Each structure stands twice: as C-alpha cells, then as structure tokens.
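Topology and contacts: notes
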Amino acid sequence: MPQFGFVDIAVLVVYFLGTIGLGFYFHKRSTSTEGFTAGDRSLPGILCGLSMFATYLSSLSFIGIPAMSFSDKNWGFFTFSLSLPITTIIAIKYFMPYYRASQSISAYANLEDRFGTWARVYASVCYLLTQIARMGAVMYLTALPLSLLLGWNIELIIIVVGISVTLYTFVGGIVAVIWTDAIQSVVLIGGALICTVAMLFGLPDGPGQVFSYGMAHGKFSLGDFGPSLTSETFWIVLFFGIVMNLQNFGIDQNFIQRYKSAKSDKEAFKSLIVGGLLYIPVSALFFFIGTTLYVYYQTGGGSLPPEYAAKPDYVFPFYIIQNLPVGLKGLLIAAIFAAAMSTVSTSLNSSATLLMNDYYKRFFNKDASEKQLMKALYTATIVWGILGTIIGLLMIAASNAFQVWQVLAGILSGGMLGILLLGMISKKASNSAAIPGAILGVLIILWMTISNQSPGFFGAMTSPFHNYLIPIFGTLTILVVGLLISNLKKKVS
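Let us look at the structure shown here.

Basis of the calculations
Residues numbered from 1 in each chain as written. Predicted model: local features only at pLDDT ≥ 70, side-chain atom pairs only at ≥ 80, totals over all residues. Heavy atoms only, no water. Helix = DSSP H or I, 4+ residues; strand = E, 2+ residues; numbered from the N terminus. Expected span 1.5 Å × (residues − 1). Buried < 20%, exposed > 50% of the residue type's maximum accessible area, 1.4 Å probe, protein only. Patch = residues over 30% accessible without salt bridge, like charges linked within 9 Å, V, L, I, M, F, W, Y side chains within 5 Å. Areas by Shrake-Rupley, 256 points an atom, 1.4 Å probe, with all protein chains shown as cover. Salt bridge = Lys/Arg side-chain N within 4 Å of Asp/Glu carboxyl O. Phe/Tyr/Trp six-rings, centres within 6.5 Å; stacked < 30°, edge-to-face > 60°. Lys NZ or Arg CZ within 6 Å of the ring centre and 35° of its normal.

The first and last C-alpha atoms of helix H11 (residues 234-251) sit 25 Å apart over 18 residues, in line with the 26 Å expected at 1.5 Å per residue. Taking burial as the measure, the 18 residues of H11 include 16 buried ones, the bulk of the element.

So, on to the environment of Ile-65. Locating Ile-65 in the fold gives a position in helix H4 (residues 59-70). Residues Ile-65 and Ala-284, 219 residues apart in the sequence, show an inter-C-alpha distance of 9.3 Å.

Among the surface-exposed residues, Ile-382, Val-383, Ile-386, Leu-387, Ile-390 and Leu-394 lie close enough to one another that they form a single nonpolar patch of about 490 Å² accessible area. Structurally, Ile-382 can be placed in helix H18 (residues 370-394). Take Ile-382: its relative accessible area is 38%, and that puts it in the partly exposed class.

Applying the stated criterion to the full structure yields 27 aromatic pairs. Residues Phe-170 and Tyr-378 carry aromatic rings whose centres are separated by 4.5 Å and whose planes lie at 35° to one another, so their mutual orientation is tilted. Residue Phe-170 is found in helix H9 (residues 154-200), and its partner Tyr-378 is found in helix H18; the two are separated by 208 residues along the sequence. Owing to a relative accessible area of 26%, Phe-170 belongs among the partly exposed residues under this scheme. Consider the rings of Phe-234 and Trp-235, whose centres lie 4.9 Å apart with planes at 85°: the pair is edge-to-face. Judged by relative accessible area, Phe-234 falls into the buried class, the value being 11%. Aromatic rings pair up to connect Trp-75, Phe-78, Phe-211, Phe-220, Phe-287 and Phe-288 into one cluster. The lysine or arginine in question, Lys-219, covers the ring of Tyr-294, its NZ or CZ lying 4.3 Å from the ring centre.

Dropping the structure here:
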C-alpha cells in the first residue's frame, strides 16, 4: 500500500481547516438572503468565472478524465470540451441578459412567468433531486479510490466531507463557496502541472516518449468521424457537449447563480469567458495526464500493482501517493477532497437557494421576514447536506455508482433545457404546446435510458442509440413538438 505519512496527514488536516475557516471569514457577508445566495450581487467576474470553472473541474474530472485516457479509450471525449466556445457565445448573447434582467435569484422564476407554476415546479424539483444524486455520487466516487489506496474507512471519509462542506456552506454562503472554488481550482491546476512534469521526466526515454509511444497506440485520437448513431463518434460527443453545456449555462442554477452574483453585466461577461473557456486547456491537460500515465507505466517508468491497473480511477491517486514528495502528496490529496467539497458546496448553496425562494417564499410564506428567510436557508442547507451524505453512503452498495448517477441525471434533467429553449425561441408557444412537448420528451428520455439499462425487458423495442443521444433527443423532442403544436394552433385560429 502506498505510504501516506504524518506530514501528509498534517497538510490534509490544515487544508481542511483552512477551507472551513474561509466559511467563517466570510460569515458577515452572508447574514442576509442577498448575501447568502448572491453575494449582494457585487462579486468580480473573474472570481465568479473561476467558480464556474471549478464546477466543471470537480474531483470526478480530476480522477475520471485521466482514468478515461489511461484506459483503452483515446481523447474522444475531449470533443465535449471543444463544444464550449459555441455554447459560451450562446450564453453570452442570450442566457446572460435573459437571467440578469430578472430580479429573482431563482433560475426557474422566468419559466413561471412564461408557462406558469407547473414549469417552475417541474424544473426546480428535477434540479433539486439531481443535486442530491450529484452530491452523493461525488462524495462516494471521491472516497472510494482514496479509501482503497490509503486504507481509510470509506463511510468515515464520506461523513467527514459531508459535515465539513455543510458547515462552511452554512456559515459562509455563496461568497465562501465562490472563493473556495477559486482557490481549489488554482491548487488543482498547479498540482496537475507538477504531476505532469514529474511523469514526463520520469519516462525512460524522456518527455518525447509520451508522443511517440502514445501516437503509435492511438491514444491521441479524437475518435471515429463516421455517421454512426450507436457508437461514441466525434459528432455524437460534440452534439452531446453542446446540449449538456447549453443546459449548464441556460438552466442550471449553479451557473446562473454565479453570473447573477457578478456586480455588473461586464463582470458577468468576464465570468462566462473564464468559466466557459478555461476548462478547454485544463481538460486537455487532464487527458494528457492520463495518456502520460499510460506511457509511464507501459514503458517501465514505474510499477503499477495489478489490482490498480484493472481500476483506472485509482491510477492517478496511486501515482500521487507513490511518487510525489512528502507534503506535496498531502496537498494534492487534500485538493482532491477539496474539489469534492467545492462541487458539493455549490450544489448545496444552490439547492438551499431554490428551496427558500421557489418553495418556502413562493408557496408557504409569501410575506416572510428576512429572519424567517434566513432560517429557511439555514434549514435547507442542513437538510440537503444530510440527504446528500446519506445518498453517498447508500451508493457504497451500488455496483456502478457513476452509472447510477448518469441514469438519474439523464432522467431528471433531460427535459429542462427543452422547455427553456421553447419559451425563448417561440413567443407564441403556450402551455398547450409546452406540456405535450415536455411529456413526450420525458417519455423519450425514460425509454432510451431504461431500455439501455435493461434491454432484455424491452426486447425489440430497446433503444438502438448511444447513451449520449438521450439528452439530445429529449431536448429536440420537446422543442420540435412544442413548435409544431404552436404552428398548428396558429393556422387553426
């Protein structure tokens, strides 16, 4: 088992305490609802952009992307990142002014104005359930490899992360979350660069070997450019990236809350540029790390135990613990934990914001005082923190937690973008178009998702399409059906 000594544990503890201390430091700026949920709409754009970027660069990216390119896959999924310039331009031109014109901190208040209460409730419920699943998946998938590598109790890791993140989100609100995100992103990038340099100069034939050996084994390929709808082609990943990133920028409370927290439209523009485009070179770096790990262990740069070679998610943490100097390995492991905390805190703050704004204030106490609203925010933070931690513990029993998360996310979030785009594209689309479109779109998502998981049950009716097409087809169904009904209604009238 790799060594993780006293100095590394001390660095890990200090990092944790520093993260929690940041929440207490910003407590005074989070004692009002505007401060807790939007930082009084006074934050610099670059800071908000780094927070968006950190939402992309979760611990799953830190561990999962190198695992992808280390294993038998190439750089095909990097095409997801290449879709970001397209979606960033759309977000700057359409989504940013659309949401910043609204005074509500909720991303879904505009849906109520456009289609009625049902649309707001549908979108917010789907979002809230998705975030519980996301928090649980992130905590579990971060704890699993570190538990196996370090010999720590996995339940204890999940509980410690859950308590820590709930505490500093409770105390510091969105300002602490955004500042923590920014710091984590810098530490993660710095650590990734250090690891890359160490691996490159650890190769038997020097840094150039990663390119010669990697290219000879097809590790830098962007995948198949053919027209197949059943395999992970370049085009399927590109359009999957476009839809998922439009969903992030256009209907995800996490992202919208950040560019609404910027102090001006100019700063919000900066936040989108930083948040949208910084991920491209950094994701390339993590794909490169995975390829370098592959070459490093294949060519004798290091020795990888068989039990880790068969589990790609463990390889990068194993390299960090096995090869980096004392203290630095503690900082990098702390950064992996902190990335999980950053992701979970983002989900936690945005979920508490929605529960207060879209439910407590909207349905239960429309004339709530500031004190009552803050109590609702604090209560929601604690409850959602507990629920996310419970889901993380329950995922220990899952045979494939990441697959469970993908299925839940696809079902719960698939219809939200379609409803938003229908409302923005067609001013004439009403409930008579939106509701049938949403129902049919969700049925398509359910059919494709469940039939891909249980093909024997559906037989000949099993979806023949690749999983990445699920959100694409679901979104297009809602949009196309809604537009068709709107046009038919117009002709009839």
